[in-house]
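Analysis of the macromolecular model
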Amino acid sequence: MCLTVCMQCLPVPMFSRNDFSIWSVLKNSIGKELSKITMPVVFNEPLSFLQRMVEYMEYAHLIKEASSKEDPVERLQYICAFAVSALASNWDRLGKPFNPLLGETYELERTEYRVICEQVSHHPPISAFHADSEDFIFHGSIHPKLKFWGKSVEIQPKGTVTVELPKWGEAYTWTNVNCCVHNIIVGKLWIEQYGTLEIVNSVTGHKAVLTFKPAGWFSKDLHRVEGFIMDKNKKKLHFLYGKWTDFLRVTDFVSYEGYFKENAHKFRSANDSKGPSSNSDSPSQTPKKVLAKLNSLKVGPFKSQTSISEPDDSGPVEPGGSDIPKCDSTYSIDIPNSTTLWEATPRPANAAEYYQFTLFAMSLNEMEPGMEKKICPTDCRLRPDIKKLENGDLDGAAAEKTRLEEQQRDARKARKGKKGSGEWKPRWFCQGTNPHTGQEDWLYTGGYWDRNYGPDPQIF
Ligand code: CLR
């Protein structure tokens, strides 16, 4: 146990979730959106979703690296590395971040950049962020959309993110790939990210198309990412490959072609990348096997809520499909003339006891001396429920969480009652058109770092 706040661990280890059934809670949440799902705090991690979003920034040095390159193709390579690295912290992270309260903010100042986030909408939940530094601006908004598939939950992080490199007058935009949390009924939870991520350089027309592969049979492609960088005429210039949990490399197209001819078997995939590994498990097809397992399931304090009826139509049982993330793919691709663009920092040795946090995640609640007075009173570092969970007080955290959610509901009702100016208006962002995509987005209105906050709004 750490007595002082340090970067290496949190104040106390997490509680075991073994005695709790996530399904007994989630089955009542089917069809609900993320901000309406209430789960016992034991399933939470001591971070707000705003902080989880800031984890995109862990490898922000890659954007600086991109900006330092003279060649637009090399710039795009590093932007790709950044986009992939931004997802690395999700590996094995199965705690649910706290739903941000409307108007909640989070700031992070590091030597290389600073970032401000705000929860700009509660229903639907939308979180906006804006990071700036000497070399880049990185901004966007995320509206996580949930889809229940029976055994799994699919999460679509709707919204676009934009990196701007002022030195080159360039903007790069993309939408993050979907992710799927498997085995919510029974078994070990695991996370998969799959789909296509397209990054476009708005000025030169260069484009990267990266495919996040579904794990596939025998988990051959677990975590794998592959794709190409193309010029504006769609000519393939470079091949990128790696794992979103681990690394990204690049090689020129000629070396790739030569290697591909000799090792074609390594690239052939049993699945295409459109869906998660188990996209056949729609609710009406819940396999009998799963239900049988369910009946023998040990459930914790929520047993009374568990009443599962047999569906009329039991679908096919998957052939060794996606229930278990067997093991990481072990075959290696080592293409001649490759350069490593990014490599993940290993998790701390004690990560399993601390929500599988990376060192970066562990530092996100840190309060340096004097910081309480400096930060905005809506900063989630000041949220009592998150603090209590971090300190191991589960009951206290649950009570505070309920209090805050009730307070938020009352405030909403009070606003509705008022005529005219009753609508909530975000403080640091406004809705507008992203000039680089032409689409609706949330844009930073400025002024946060002047630090003239005043006492309102009081949301905690
Ligand atoms: C994944 C990367 C995306 C942004 C994003 C949005 C929602 C996040 C998700 C990420 C990771 C997994 C997540 C999810 C919200 C809830 C879910 C944190 C960061 C956790 C694992 C809760 C699971 C509990 C359910 C089974 C409801 O770009």
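Sequence order as written defines the numbering, with residues in each chain counted from 1. Local features are withheld for residues below a pLDDT of 70 in this predicted model, meaning they are given only at 70 or higher, and side-chain atom pairs are given and counted only at 80 or more; totals for whole chains, interfaces and linings count all residues. The side-chain quantities take in all heavy atoms of the structure and omit both hydrogens and water.

Where an unreviewed UniProt entry is consulted, the protein appears under the name Oxysterol-binding protein, with the organism given as Apolygus lucorum. The UniProt entry for the protein carries this comment under Sequence similarities (unreviewed entry): "Belongs to the OSBP family." UniProt positions are given in the numbering used here, feature names are shortened, and annotations may be inferred rather than shown by experiment.

This part is about the overall build of the protein. Helix and strand assignments come from DSSP, with helices taken as H or I runs of at least 4 residues and strands as E runs of at least 2, each series counted from the N terminus. A tally of helices and strands in the protein yields eleven helices and 18 strands. To sort residues, take the accessible area from a 1.4 Å probe on protein chains only and compare it with the maximum for the residue type: under 20% means buried, over 50% means exposed, and anything in between is partly exposed. For the protein, with 460 residues in total, the buried portion stands at 54%. Note that accessible areas follow from Shrake-Rupley with a 1.4 Å probe, and for residues the cover is restricted to the protein chains shown. On the protein, roughly 21100 Å² of surface is accessible, and the fraction owed to carbon and sulfur atoms is 52%.

Of the grid points, spaced at 1 Å and generated over the protein atoms alone, those admitting a 1.4 Å probe that cannot get out make up cavities, while open sets with protein on both sides within 12 Å along at least five of seven lines make up pockets; any residue with an atom within 4 Å of a point is treated as lining. Grid points are joined across faces, edges and corners, and a volume is the space filled by probe spheres set on the points. Within this model, the second largest pocket holds a volume of roughly 380 Å³. Taken together, 19 residues make up the lining of the second largest pocket; nearest its centre are Leu102, Val120, Glu423, Trp424 and Lys425. Under the grouping applied here, Gly and all other residues not named as nonpolar or charged are polar, the nonpolar ones being Ala, Val, Leu, Ile, Met, Phe, Trp, Tyr, Cys and Pro and the charged ones Asp, Glu, Lys and Arg. Looking at side-chain class alone, the lining of the second largest pocket contains seven nonpolar, six polar and six charged residues.

On to the nonpolar core. The biggest cluster of nonpolar side chains holds 86 residues, and the ones touching the most others in it are Phe138, Trp174, Ile184 and Ile199. Here the element with the most residues in this core is helix 4 (residues 72-85); it accounts for nine residues. Among the nonpolar cores identified, the runner-up in size contains eleven residues, and Val120, Cys376, Tyr448 and Tyr453 belong to it. Residues enter a nonpolar core if they are buried and are Ala, Val, Leu, Ile, Met, Phe, Trp, Tyr or Cys, with the set joined through side-chain atoms within 4.5 Å.

Note that Leu101 resides in the loop between strand 2 (96-98) and strand 3 (105-109). Its relative accessible area of 2% is what places Leu101 among the buried residues. In sequence terms Leu101 and Cys380 are 279 residues apart; their C-alpha atoms lie 9.0 Å from each other. Between two residues, a contact is recorded if the distance between any of their heavy atoms is within 4.5 Å. Non-local contacts of Leu101, meaning those with residues more than four positions away in its chain, are made with Gln119, Arg383, Leu404, Gln408, Ile459 and Phe460.

Turning next to helix 4. Multiplying 1.5 Å by the residue count of a helix minus one yields the expected span of that helix. Over its 14 residues, helix 4 runs 20 Å from end to end, which matches the ideal 20 Å to within 8%, given 1.5 Å per residue. Among the 14 residues that make up helix 4, twelve are buried, leaving the element largely enclosed by the rest of the structure. N or O atoms closer than or at 3.5 Å make up a polar contact, with two conditions inside protein: a donor-capable atom paired with an acceptor-capable one, and, for residues adjacent in sequence, both atoms drawn from side chains. Capping the start of helix 4 is the job of one residue whose side-chain oxygen sits 2.9 Å from the backbone nitrogen of Val73: Asp71.

What follows covers the site of the ligand. With respect to spatial proximity, 18 residues lie near the ligand, and among them Leu26, Arg52, Tyr56, Asn90 and Pro97 are the closest. At 2.6 Å from an oxygen atom of the ligand is found a side-chain nitrogen or oxygen belonging to Tyr56. When the free accessible area of the ligand is taken as 610 Å², the share hidden by the protein chains comes to 98%. Its atoms largely coinciding with the cavity grid, the ligand occupies the largest cavity. For the shell around the ligand, the secondary-structure elements that each account for two or more residues are helix 2 (49-54), strand 2 and strand 7 (153-158). Throughout, the term near means that a residue has one or more heavy atoms lying within 4 Å of the molecule or strand in question. Assignment of a molecule to a cavity or pocket requires that more than half of its atoms lie within 2 Å of the corresponding grid points.

Here we take up the pairing of strand 4 (residues 114-121). The element strand 4 is largely enclosed, with a buried count of seven among its eight residues. What makes two strands pair is DSSP finding at least two bridges between them. In this sheet, strand 4 lies alongside strand 3 in antiparallel orientation, the contact comprising five bridges. The partner of Thr105 across the bridge, within strand 4, is Glu118. In this antiparallel pair of consecutive strands, strand 3 and strand 4, the connection spans four residues. Relative to strand 5 (residues 126-132), strand 4 runs antiparallel, the two being bridged by seven bridges. From the neighbouring strand, Cys117 faces strand 5, where its bridge partner is Phe129.

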